[in-house]
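Listed here are the chains, written in short residue letters.
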Amino acid sequence: MLVAKNLSKSFKEVNALNNISLAVQEGELYGLLGPNGAGKTTTISILSSLLKPDSGEILYQGKSLYQNLTESKKMIGVVPQEIALYEDLTALENLKFWGTLYGIKGKELQSKTEELLDFMGLSDRKNHKIKTYSGGMKRRINIAAALLHDPKIVFMDEPTVGIDPQSRNLIFEVIQELHSRGLTMIYTTHYMEEAERLCDRIGIIDEGKIIAEGRLEELKKSSKINEEIRVRFTNVQKTDLSNINNHFNGQLLIHENQMVLSTSQANTDLPILIQMCTNANLHLENLQVKSLSLESIFLELTGKSLRD
Ligand SMILES: Nc1ncnc2c1ncn2[C@@H]1O[C@H](COP(=O)(O)OP(=O)(O)OP(=O)(O)O)[C@@H](O)[C@H]1O
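The chain goes by ABC transporter domain-containing protein in an unreviewed UniProt entry, where it is assigned to Labilibaculum manganireducens.

Put into structure tokens, the structure is as follows:
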């Protein structure tokens, strides 16, 4: 469906993309996972023709994007990170506005907007102004706007940023339904849980490069580590964990009251860890040994946390 070869892009001295190649099959949900500034938005802006690469090649169904720009654009839908809706218009008016831009008219526009409002579960609110919508509802209309012209491939740029967990689940349901209908999607996120839950295949991107790619099981198999020890403390400061951090150099992630140790030898590391916590007088609230997550794989590959 989509093949991109050796894409590079610089903004003055910032090397935003460095020789990125990827291929997405028809019907696939491909996740681009990476921290802020990794190059996700630049990648999808280039793949969707919003931005020209400095070098590289993009093919849709075997044909060059730029040699078939008009045809290719009809195949592409983009859900931008920023909400692209008029606050003072209703949801229906917004969708009609976007539909007109795509050249959809009359009865077709009417039925398409109604169908998408229904699909997004927002028919009963269609005549309310966008400014009365919650963040999650705006996101759903933003997704609907990208689907009006029946694209074959849709790019979604961090569609769950800044919304509550319930709205996030509704958006996941929408994406899973679109996936089951066979839509090809590229989904960017810096939340590893989303990539794990939704995506068929994941490309891990950092500093403008894809540093690992594959299905979740493949990524896990290729990693040297295989387990995570997750410890939640009742109350802990980063400095309380400095001895533990020094001992397990480079294997530890710390977020607020939680610490995650990535290891290939949980049997040996677990007793040492518990002993060190006892010595430091730390109160454990919860302890789990789990199989590897994407976050630990990212730590192993880059030496840093996805959330930095
Ligand atoms: N128009 C621009 N001008 C200058 N620098 C830019 C521009 N767009 C992106 N960059 C830089 O390119 C790099 C990649 O940015 P990009 O927005 O693609 O990352 P991202 O992974 O999407 O991050 P985020 O999750 O924060 O959106 C960053 O260093 C960013 O500052």
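### Looking at helix α1 (residues 40-47)
Counting buried positions over the eight residues of α1 gives seven, a clear majority of the element. Within α1, burial applies to K40, T42, T43, I44, S45, I46 and L47. A positive backbone phi angle near 75° is found at S49, which sits one or two residues after α1.

### Overview of the domain arrangement of the chain
Taken domain by domain, the chain consists of domain 1 (2-220) and domain 2 (224-291). Placing the centre of domain 1 and that of domain 2 at their C-alpha centroids yields a distance of 37 Å.

### Details of the sheet that holds strand β2 (residues 14-24)
The strand order across the open sheet built from four strands is β2-β1-β4-β5, with neighbouring strands paired in antiparallel fashion. Edge positions in the sheet fall to β2 and β5 (63-64), since each has one partner strand and no second. Strand direction decides the pairing type here: strand β4 (residues 55-60) and β5, joined by two bridges, are antiparallel. The partner of Y60 across the bridge, within β5, is K63. Contacts from α1 reach β1 (2-11), β2 and β4, with the element oriented near 120° to β1.

### Structural notes on the packing of helix α5 (residues 135-147) against helix α6 (residues 165-180)
Closest axis-to-axis distance for the α5/α6 pair is 9 Å, and the angle between their directions is 20°. What the angle tells us is that α5 and α6 run roughly parallel. Handedness of the crossing formed by α5 with α6: right-handed. For the pair α5 and α6, contact is made by G136, R139, R140, I143 and L147 and by S167, L170, I171, V174 and L178, respectively. Among the residues making up the contact of α5 with α6, the classes are represented as six nonpolar, two polar and two charged.

### Digging into the pattern of salt bridges
Applying the stated criterion across every chain, the model contains 15 salt bridges. Of the charged contacts, one joins K138 and E87 as a salt bridge, the two residues approaching to 3.1 Å between their closest N and O atoms. You can see K138 sitting in helix α5 and its partner E87 sitting in the loop between β6 (76-79) and α3 (91-101), a full 51 residues away along the chain. Between E213 and R201 there is a salt bridge whose closest N-O contact spans 3.8 Å. Residue E213 is located in strand β10 (residues 209-214), and its partner R201 is located in strand β9 (residues 201-206); the two are separated by 12 residues in the primary sequence. By sharing partners, the salt bridges in this structure join E28, R201 and E213 into a single network.

### With respect to a nonpolar patch on the surface
Nonpolar side chains collect at one region of the surface, where I274, L284, L287 and V289 lie side by side and expose about 270 Å² of accessible area between them. Sort the elements by how many residues they give to the nonpolar patch and strand β14 (residues 284-291) lands first, with three residues. Structurally, L287 is set in strand β14.

### Digging into the pairing of β1
With five bridges joining them, β1 and β4 adopt antiparallel strand pairing. Across the sheet, the residue bridging to V3 is L59, located in β4. Across seven bridges, β1 lies against β2 in antiparallel orientation. Residue L2 lies in a different strand from β2, and its bridge partner there is V24. With antiparallel pairing between neighbouring strands as the criterion, β1 and β2 make up a hairpin whose turn holds two residues, including K12 at a positive phi of roughly 50°.

### Looking at the UniProt feature "domain: ABC transporter" (unreviewed entry) in the chain
Within this structure's numbering, the places UniProt gives as "domain: ABC transporter" (unreviewed entry) are residues 2-232. Span residues 2-232 is 35% helix and 29% strand, its end C-alpha atoms 43 Å apart.

### Considerations on the packing of aromatic side chains
A complete count under the given rule lists two aromatic pairs for this structure. Centroid distance F97 to W98: 5.7 Å. Interplanar angle 75°. Geometry classified as edge-to-face. Overall, W98 belongs to the partly exposed group, its relative accessible area being 23%. The aromatic ring of Y66 is capped on one face by K52, whose charged end is 4.7 Å from the ring centroid. Over the ring of Y191 we find R168, and its NZ or CZ is 4.4 Å from the ring centre.

Definitions and limits used
- Going along each chain's sequence as written, the residues are numbered from 1 onward.
- For this predicted model, a pLDDT threshold of at least 70 governs which residues receive local features, and a threshold of 80 or more governs which side-chain atom pairs are given and counted, while totals over whole chains, interfaces and linings are taken from all residues.
- By convention in this description, side-chain values take in all heavy atoms of the structure and omit both hydrogens and water.
- Under the scheme applied here, a residue whose accessible area is under 20% of the maximum for its type counts as buried, over 50% as exposed, and between as partly exposed, the area being computed with a 1.4 Å probe on protein chains only.
- Numbering of helices and strands runs from the N terminus; a helix is a DSSP stretch of H or I covering at least four residues, while a strand is a stretch of E covering at least two.
- These domain limits were set by an automatic method or by a database of domain assignments.
- A pair of strands is considered paired only if DSSP assigns at least 2 bridges between the two.
- The criterion used for residue contact is that any of the two residues' heavy atoms lie within 4.5 Å.
- Axes, fitted as lines to C-alpha atoms, cover a helix only where it is in contact. Angles between the N-to-C directions of the axes lie from 0 to 180 degrees.
- If an angle is under 35 degrees, it is roughly parallel; if it is over 145, roughly antiparallel; if it lies from 65 to 115, roughly perpendicular; otherwise it is oblique.
- Left-handed describes a crossing in which the near helix is turned anticlockwise from the far one by less than a right angle; the clockwise case is right-handed.
- Lys, Arg, Asp and Glu make up the charged group, whereas Ala, Val, Leu, Ile, Met, Phe, Trp, Tyr, Cys and Pro make up the nonpolar group; the residues left over, Gly among them, are polar.
- The working definition used for a salt bridge is a side-chain nitrogen of Lys or Arg within 4 Å of a carboxyl oxygen of Asp or Glu.
- Within this analysis, patches are made of residues with over 30% relative accessible area and no salt bridge. Like charges are joined at 9 Å or less; nonpolar side chains (Val, Leu, Ile, Met, Phe, Trp, Tyr) at 5 Å or less.
- Every accessible area reported is derived by Shrake-Rupley at a probe size of 1.4 Å, with residue values counting cover from the shown protein chains alone.
- UniProt positions are given in the numbering used here, feature names are shortened, and annotations may be inferred rather than shown by experiment.
- Stacked, edge-to-face and tilted are the three classes for Phe, Tyr and Trp ring pairs, Trp counted by its six-membered ring, which pair at centre distances within 6.5 Å; planes under 30 degrees apart are stacked, over 60 edge-to-face, the rest tilted.
- Remark: a charge is flagged as sitting over a ring if the NZ atom of Lys or the CZ atom of Arg is within 6 Å of the ring centre and within 35 degrees of the ring normal.

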